[in-house]
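So the chains spell out like this:
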Amino acid sequence: MNKGTDIPIDMAYLQQVMLELFAIPCPTGFTDRVVYYVCNKLQELGISYDLTRRGTIRAHLKGAEQRPDRAIVTHLDTIGAMLREVKANGRLSITPIGHWSSRFAEGARVTIFSDNHSYRGTVLPLLAAGHAFNEAIDSQPINWDQVEVRIDEHIRSAADVYKLGMDVGDFIAFDPNPELLDNGYIVSRHLDNKAGTAALLAALKAVLEYKIPLAIDCHPIFTLTEEVGSGVGHALDEMVTEFVGVDIAPVAPGQNSTEFGVTIALKDSSGPFDYHLSRHLIGLCKENNIPYQRDVFRFYYSDALSAVQAGHDIRHSLITFGTDATHGYERTHLSALESVAKLLVAYMESGPALDSDKVDAAPMEEFAKQLKPENMPKKNTNVPDINCL
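Residues numbered from 1 in each chain as written. Predicted model: local features only at pLDDT ≥ 70, side-chain atom pairs only at ≥ 80, totals over all residues. Heavy atoms only, no water.

1. Describing the packing of helix H1 (residues 11-22) against helix H2 (residues 32-45)
Move 1: Direction vectors running N to C along H1 and H2 enclose 155 degrees, while the axes themselves pass 11 Å from each other. Taken as axis vectors, H1 and H2 run roughly antiparallel relative to one another. Crossing handedness for the pair H1 and H2: right-handed. Contact with H1, carried on its side by Tyr-13, Val-17, Glu-20 and Leu-21, involves Val-34, Tyr-37, Val-38, Lys-41 and Leu-45 of H2 and no other residues of that element.
Move 2: Here the contact of H1 with H2 is composed, by residue class, of seven nonpolar, no polar and two charged. (Axes fitted to C-alpha atoms, helices over the stretch in contact; angles between N-to-C directions. Helix = DSSP H or I, 4+ residues; strand = E, 2+ residues; numbered from the N terminus. Parallel < 35°, antiparallel > 145°, perpendicular 65-115°, else oblique. Left-handed = near helix turned anticlockwise from the far one by under 90°. Contact = heavy atoms within 4.5 Å. Nonpolar A, V, L, I, M, F, W, Y, C, P; charged D, E, K, R; others polar.)

2. Focus on the nonpolar core
Move 1: Judged by nonpolar contacts, the single largest core of 84 residues is most densely connected at Ile-319 and Met-348.
Move 2: Apart from residues no more than four positions distant in its own chain, Met-348 is found in contact with Leu-61, Arg-70, Ile-72, Ala-203, Leu-204, Val-207, Leu-214, Ala-215 and Cys-218.
Move 3: Of all hydrophobic cores here, the second largest spans 23 residues; its members include Tyr-119, Val-147, Met-166 and Ile-172. (Core = buried A, V, L, I, M, F, W, Y, C linked by side-chain atoms within 4.5 Å. Buried < 20%, exposed > 50% of the residue type's maximum accessible area, 1.4 Å probe, protein only.)

3. Some words on the packing of aromatic side chains
Move 1: Tallied over the full model, the rule gives six aromatic pairs.
Move 2: An angle of 70 degrees between the planes, with centres 5.0 Å apart, marks the rings of Trp-100 and Trp-144 as edge-to-face. Here the residue Trp-100 occupies a position in the loop between strand S5 (92-97) and strand S6 (109-113), and Trp-144 occupies one in the loop between helix H4 (136-139) and strand S8 (147-151), the gap between them amounting to 44 residues.
Move 3: Trp-100 gets classed as buried once you look at its relative accessible area, which sits at 10%. (Phe/Tyr/Trp six-rings, centres within 6.5 Å; stacked < 30°, edge-to-face > 60°.)

4. Description of unusual backbone geometry
One can expect most non-glycine residues to show negative phi and most peptide bonds to be in trans.
Move 1: A cis geometry characterises the amide bond from Arg-67 onward to Pro-68, with omega recorded as 0 degrees.
Move 2: Looking at where Pro-68 falls in the secondary structure, it is placed in strand S3 (residues 65-75).
Move 3: The linkage connecting Asp-192 with the following residue, Asn-193, adopts the cis geometry, with an omega of 0 degrees.
Move 4: One can find Asn-193 in helix H6 (residues 191-209).
Move 5: Phi at Asn-289 takes a positive value of approximately 55 degrees, unusual for a residue other than glycine.
Move 6: Counting through the fold element by element, Asn-289 comes out in the loop between helix H7 (275-287) and strand S16 (292-296).
Move 7: Notably, His-327 is not glycine yet its phi reads approximately 65 degrees, a positive angle.
Move 8: Look at His-327 and you get buried, because its relative accessible area is 16%.

5. Topic: H6
Move 1: For H6, spanning 19 residues, the distance from its first C-alpha to its last is 26 Å, which sits close to the expected 27 Å at 1.5 Å a residue.
Move 2: Among the 19 residues that make up H6, 17 are buried, leaving the element largely enclosed by the rest of the structure. (Expected span 1.5 Å × (residues − 1).)

Given below as structure tokens:
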């Protein structure tokens, strides 16, 4: 296939899939409908898949070689909330799903899903009426105990809430309110990780439509519990040696990520990502003229951690799209999503990061590549050349 900017990504398809994903409420634990949607998209593309008991989607693409194989992983679940308490006045206390601040919940329009119906409401601070509380509104604390849901029904008591069928443990989904601007910016809740999922599906579409040959077997995986930390640990095939996650990158002071190009993460809160696989991805960006930058994340976990903690002997890495105000009203640029999709296509076409991963036991020589004697500072005791051993 042609390199660089000629990697074909159907951006109209990417945008349409992303907008359709926004329309599906799917906080962690309430993801069946989005699983059904993605399965249909895979069927439309002619990609085979299987489902775990809880709904993680494991798709399958054949490459020139079966071993080693690789996984490309995105998550379908989003942050959200759950009904914690029905108050005497009929307002709802809530508990967050995922790790995010109640500051970003205030003022949100939400849907409460009872077992048999859904209801609309608004998340408000406990002191919400400026004409009643004046400056006290500005000094009230910011935490989940300080917000409540006002339901848009004729409710005056807890009994009224229960009569409508709502109860403790009901899921609460936050409206995304997506806005796609003419200049390419996309602003919405839940870009994490509906935008990443759309980029992966667009990359798969390109691979199939243009008959791009894959060097090794590839398993696109769509997980359901990334926002609460358990992620993909149970869903990897034993043949998988490379794991590339697709997720957001925080754009903020002190970070190197931007809303343009693809960001290669070299470290998150769990520690560094695999040296060789990360450099392989960086090399693909250079070879294919894909705009990129490198970054390290201080307060961040992803599906890659759950895979390593589950005991899989894999190389793991993370490619991301820069996102402003993560877990709030998020913003990125379509060019970043295009760069992510292009890198995924190039990655699926490429061979393994290290050919030695084709065998179970790594040869000793592979461990002489990361740090070479000539790159060491001169000291009284030098690193010996491996050829002398």
